[in-house]
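Structural overview
Next come the chains, spelled out residue by residue.
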Amino acid sequence: MANTPSPTTRRLLLGLTGGVAAYKATELARLLMQDGIEVQAVMTESACRFVGPATLQALTGKPVFTDLWDARVANNMAHIDLTRNADAILVAPASADFIAKLANGLADDLLSTLCLARDCPLLVAPAMNRQMWEHPATQRNLATLRRDGVTILNPGSGAQACGEIGMGRMLEARELTEAVHTVFQPRLLQGKRVLVTAGPTYEAIDAVRGITNSSSGKMGYAVARAALQAGADVTLISGPVCLQAPAAARLINVVSARDMLAAVKNEVSRTDIFVSVAAVADYRAATASKQKIKKTGGGLTLELTPNPDILEYVATLPKPPFCVGFAAETENLEKNAAIKRRKKKLPLLAANLAQDAIGSDESALTLFDDEGKYSLAKAPKVEQAQRLIQHIAALYEKQKS
Ligand code: CTP
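In what follows, the accompanying structure is described. (Residues numbered from 1 in each chain as written. Predicted model: local features only at pLDDT ≥ 70, side-chain atom pairs only at ≥ 80, totals over all residues. Heavy atoms only, no water.)

What to know about helix α13 (residues 333–343)
In an α-helix, one turn spans 3.6 residues; hence positions three or four apart end up facing the same way. Regarding α13, the residues found buried are L333, A337 and R341. What you see down the axis of α13 is that its buried residues fit within an arc of 55°, all on one side. Summarising the geometry of α13, the exposed residues directed more than 90 degrees from the buried face are K335, R342 and K343. Elements that come into contact with the buried residues of α13 comprise β16 (322–329), β17 (348–353) and β18 (362–369). Phi for K345, located one or two positions after α13, is positive at around 55°. (Buried < 20%, exposed > 50% of the residue type's maximum accessible area, 1.4 Å probe, protein only. Helix = DSSP H or I, 4+ residues; strand = E, 2+ residues; numbered from the N terminus. Arc of directions from axis to C-beta. Contact = heavy atoms within 4.5 Å.)

Things to note about helix α11 (residues 257–267)
All buried positions along α11 are accounted for by A257, M260, L261, A263, V264 and E267. In a view along the axis of α11, the buried residues occupy a sector of 165°, so they form one face of it. Those residues of α11 that are buried are in contact with β8 (193–198), β9 (202–204), β11 (233–238), β12 (250–253), β13 (273–276) and α12 (310–315).

Here we look at a nonpolar patch on the surface
A cluster of nonpolar side chains, contributed by Y283, L300, L302 and L304, occupies part of the molecular surface with about 400 Å² of accessible area. With respect to the element layout, L304 can be found in strand β15 (residues 304–306). (Patch = residues over 30% accessible without salt bridge, like charges linked within 9 Å, V, L, I, M, F, W, Y side chains within 5 Å. Areas by Shrake-Rupley, 256 points an atom, 1.4 Å probe, with all protein chains shown as cover. Salt bridge = Lys/Arg side-chain N within 4 Å of Asp/Glu carboxyl O.)

A few points about the packing of aromatic side chains
What the rule picks out here adds up to 1 aromatic pair. Ring plane angle 90° and centroid distance 6.2 Å describe the contact between F322 and Y396, whose orientation is recorded as edge-to-face. On the criterion of sequence distance, the pair formed by F322 in strand β16 and Y396 in helix α15 (residues 381–400) is long-range, its members being 74 residues apart. Each member of the pair F322 and Y396 is classed as buried. A cation over a ring is seen here: K265 above Y313, with NZ or CZ 5.1 Å from the ring centre. (Phe/Tyr/Trp six-rings, centres within 6.5 Å; stacked < 30°, edge-to-face > 60°. Lys NZ or Arg CZ within 6 Å of the ring centre and 35° of its normal.)

A short note on the sheet that holds strand β4 (residues 122–126)
Strand order in the open sheet made by the 5 strands is β2-β1-β3-β4-β5, with parallel pairing throughout. The sheet terminates laterally at β2 (38–43) and β5 (151–152), the two strands that pair on one side only. Alignment of strand β1 (residues 11–16) against strand β3 (residues 88–94), held across 4 bridges, turns out to be parallel. From the neighbouring strand, L13 faces β3, where its bridge partner is I89. (Pairing = 2+ DSSP bridges.)

Section: the site of the ligand
In the region of the ligand, 14 residues are neighbours, and S276, A278, L311, K340 and K344 sit closest. Between S276 and the ligand, the recorded distance is 2.6 Å, taken from a backbone N or O atom to an oxygen atom. Protein chains bury 77% of the 570 Å² of accessible surface belonging to the ligand in isolation. Of all the elements, β16 adds the most residues to the shell around the ligand, at 4 residues. (Near = heavy atom within 4 Å. Polar contact = N/O pair within 3.5 Å; in protein donor to acceptor, adjacent residues only side chain to side chain.)

Right, here's the structure in full:
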């Protein structure tokens, strides 16, 4: 028997129309379910020619609806019942034909009827051949939908199933998952400009060697994502990591602490909230050799010189943005975090145990602010970042009032 969803479970109605990209919707359903979103799939007749309803049913744990006259719905009004139970509708893939229908308010099958009989947000992920995408009729229909308040998740450019290369490829499942999360988040930072530093810095010793910190960048990227979901404009200054940045963030790649400081200095005057998640190397080689240092058989002494403290620089500006620090400690978490917060003059500091957090997809966090401390139990970093953003938004508003 299916589990009863908790009252906070978000419910997405996932509509599939006819297109090769329907295969991506199966992966999308899997990712959404993994993230705890309840998915109800609805397929048009043509969609069923590309992927089987049985696949979607297996992935979502629910029978798939395809027919306006489905007798399984007690009142025989599937088009009303299914939208009443949805917090949002995402049509992916949305064919040119379906987009034309939506733009004109046509309702001649279950999915188009559901889209018309809804009062929840509608997201549309177009997927079509390049010429169909570029056709003035399609562009006109998309403009109409945007005016009607529909979110169009613009396709990307690339190789298409028809052999052409160009615009019209549906976004990848991961990107669509992010768009769904964004719709479900309260817009606590709408219009705020958030600057995030993430990942380690790398300080060259010579042409091939360097000093760095252990940091995957996952927490910083999760904070950038959560800020975007809360409606912020996000600039992400990242040290070297192997992660894909959220598409909607402005990404600035840097290598060393001094590069990071220069990038932060460029951005800070346009920043409302600065979240310093980067694991900045505290020292660099006093002189980095341009050539590879040859081994001599004996010992090697390196002279290190301190790097600038980026967060301290920002927090002590005459008009600093709201500053949030991170502290990865290996012992005496509370004492060290409290000292760090005072020393860097921060309204908020998030601390965790380095040995538990580094490289992991999960972490426990303790938040320290003027009013005390708050423990956030171990959870995926993406969720933890959402909680942190909620705390930041509340403090930021309080500070302004
Ligand atoms: N930080 C920074 N620039 C540095 C060092 C740290 O901006 N050169 C920021 C980090 O991004 C983090 C906070 O300061 O938000 C604390 O970093 P952490 O490495 O935990 O502390 P340090 O100040 O370096 O102190 P220590 O290494 O002695 O624990």
